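Residues per chain, in single letters:
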Amino acid sequence: MEVENDAAIAEESPKEEVPNKHDDKSEMKGEEYAYLDATGFTSELFKIELRGLPKYYGIGELKKLLNVKMKLSTNKIKIMKPGSPFIFICFRNQEDREAAIKALDGYKWKGKSLSAFEAKPAPDPLIRRRKEASTAEGEPLNIKRRTVEASATSLAYLTYDEQLKQKQSEMENVLQKFGKELWSSIPTLRTFVEKQRLLHGGLPCAFEPIRPSPMQDGYRNKCEFSIGKDALGVKRVGFRVGSYSNGFLEVESIAHLKHIPECMKQTVVLFEQFVQSSPFDVYSAETYQGHFRQLTVRMSHATGQVMVVVGVHLQSLSEEEKQTMKSSIVECLTSEPGKQAGISSIHFEVIQKRQQGQYTNPIEHLYGETHIEDTILGLTFRISPAAFFQINTPAAEVLYQCAIDVAAPSKSTSILDICCGTGTIGLCFARHCKQVLGVDIVEQAIEDAKHNAQKNGIENCSFFAGNSDDLIMSLIRHANIMPDQHESLIAIVDPPRAGLHIRSITQLRNARGLDKLVYVSCSPQSAIKNWVDLMRPCSKQLRGEPFVAKKAMAVDLFPHTPHTELVILFEREKESKQELVVDSENICTDKPVDPQPET
């Protein structure tokens, strides 16, 4: 994750967990537990530890067990690592905690007997790290402290050609790891993997040279700036150079960072001056006090428009104080320096603890245009404050053209755009295919996608709001593919960093007629599990024939940083079925798949 995204928006600071079955509550004294009194409410006060969990379980089925089957009022589930035999579960009050312990202690799940008991709140990692990192004289060591340049643009010291060589090598390492995972976890694929390695220089598929970004400096069209204080206590708008867990939260200037455009730097300077003179304080993750927390700035390379979203904690402000704050923000950002920076849209974000089913914080439009617009491959896109849009617009054109080229759709092809956002990929595909069906969990993004289709005069695209885990089969039915008329179906997958949920992978695998899939990943290391699942032999869960990785290509959307976008083409190869799947108990069949979406 890039350093500019370090500004967390959860109400509570992250707490590191350790097993504490025998902890004594009398130990909860001192600075490390002061946050329990400072926050007013924290679910850390009502936490249990659950032990004896089975070796294999999914977070989804665990949540279903706790919240649906057992009807426990959980507030937060803290998993140590995948497959961990113990977890922590937080509740909102003592009554709910006691009811959970009574229900879970001794409960049998997946052949294991669970044990549940009260757990002590976690110590504040900020305070703990500061104690650990201090010398005998009390001077902080801060060994992990880095400059903002090293944190945000760690490759900026290299020439751009050297950066591309390094990224090409790193993506080769990712693909090698993918091949190793296939070889070790799927014995039936070992012969196939070894043949691929011989053909492609040790890689499990063909890998083309990396595509460079057309713009290397000032390319970012969105940044999330933290608002805090620097090492001298001066109020700053910039990027954090540390983290809560390693003991320092200083925010430093972004003035010298190469990847941030000048209009954003001007906006940051203007708002920093405003914050320094404002009667409202900056938010402190240590004390949970203060108001100004985050400044999100979006800009358009095509129009020069700048959108500003000011993120605040309202605390106990009166209505009059809220209006005073909003008016002062608008007055600042619409001043002459604001006009020179290109600010045309101002929004007010209330940062708060999100409720179940809530994916974004409430955002209020304060001034100017409600959206900004940018262009990709000749199409115009409307961008709302919370919508996903590739952060490097010129390089996004390269990425989407690569996806189109590798997918090679025809006028008889239907496209499934999974995690479609504002519809950018699908709309770029529209002129090359029969129809596009997109889905995204963010409703505002879907509204933007529909608007973008209408604005560009594109009539063969339909977009749906909802969880792709539940809607993929419905989209396939909606596509109404007719194989006898040589119609085909291609899925374009561009998920968040964590990748797709196994339910989405299952539905894509089980989808009849879907013989080609293009996976676009902004975090290739995290996507390896998805890729392996796409290639697993048939089973009771993965009933459709496996996909095969055919070709990969990297696109540099993030110059000066270590991040790289990777595109992989997967195809089903019916003729290689006997070679790829030899497990007699899991031979694929042509039985129809139940098209009903999971609930």
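This one's a predicted model, so the numbers in the text were calculated from it and none came from an experiment.

So, on to the pairing of strand 1 (residues 47-51). With respect to burial, strand 1 is a largely interior element, four of its five residues being buried. The pairing of strand 1 with strand 6 (residues 115-119) spans five bridges and is antiparallel. Directly across from Glu49, in strand 6, lies its bridge partner Phe117. As judged from the five bridges shared by strand 1 and strand 3 (residues 86-91), these two strands associate in the antiparallel manner. Its bridge partner lying in strand 3, Arg51 is registered against Phe86.

A word on the UniProt feature "binding site: S-adenosyl-L-methionine" (unreviewed entry) in the chain. Those residues carrying the UniProt feature "binding site: S-adenosyl-L-methionine" (unreviewed entry) are Gln390, Asp440 and Asp494 in this numbering. Positionally, Asp440 belongs in strand 18 (residues 435-440). Looking at Asp440, the relative accessible area reads 12%, which means it is buried. The residues touching Asp440, leaving out its near neighbours within four places in the chain, are Cys419, Cys420, Gly421, Ala445, Ile446, Phe464, Ala465 and Gly466. Among the polar contacts listed, one links the side chain of Asp440 to the backbone nitrogen of Gly421, at a separation of 2.8 Å. On the basis of relative accessible area, Asp494 is assigned to the buried category, the value being 8%. Asp494 has contacts with Phe388, Gln390, Ile418, Cys419, Ile425, Val520 and Glu565, leaving out every residue within four places of it along the chain.

Taken together, the eight strands give an open sheet; going across it, the order is 7-22-23-21-20-17-18-19, and neighbouring strands pair in mixed fashion. Sheet topology places strand 7 (206-211) and strand 19 (461-465) at the edges, where each strand pairs with a single neighbour. Each adjacent strand pair in this sheet contributes to an overall mean axis angle of 15°, direction not counted. The pairing of strand 18 with strand 19 spans five bridges and is classified as parallel. Of the residues in strand 19, the one forming a bridge with Val436 is Cys461.

In this section: the sheet that holds strand 1. Read across the sheet, four strands follow the order 2-3-1-6 without closing on themselves; strand pairing throughout is antiparallel. Each edge of the open sheet carries a strand with a single partner, namely strand 2 (74-79) and strand 6. Neighbour-to-neighbour, the strand axes of this sheet turn through a mean angle of 25°, independent of strand direction. Together, strand 2 and strand 3 form the strand contacts of helix 2 (residues 59-69), whose direction differs from that of strand 2 by roughly 150°. Together, strand 1, strand 3 and strand 6 form the strand contacts of helix 3 (residues 94-104), whose direction differs from that of strand 6 by roughly 155°.

Cut-offs used in this document
Residues numbered from 1 in each chain as written. Predicted model: local features only at pLDDT ≥ 70, side-chain atom pairs only at ≥ 80, totals over all residues. Heavy atoms only, no water. Buried < 20%, exposed > 50% of the residue type's maximum accessible area, 1.4 Å probe, protein only. Helix = DSSP H or I, 4+ residues; strand = E, 2+ residues; numbered from the N terminus. Pairing = 2+ DSSP bridges. UniProt positions renumbered as here; feature names shortened; annotations may be inferred. Contact = heavy atoms within 4.5 Å. Polar contact = N/O pair within 3.5 Å; in protein donor to acceptor, adjacent residues only side chain to side chain. Axes fitted to C-alpha atoms, helices over the stretch in contact; angles between N-to-C directions.

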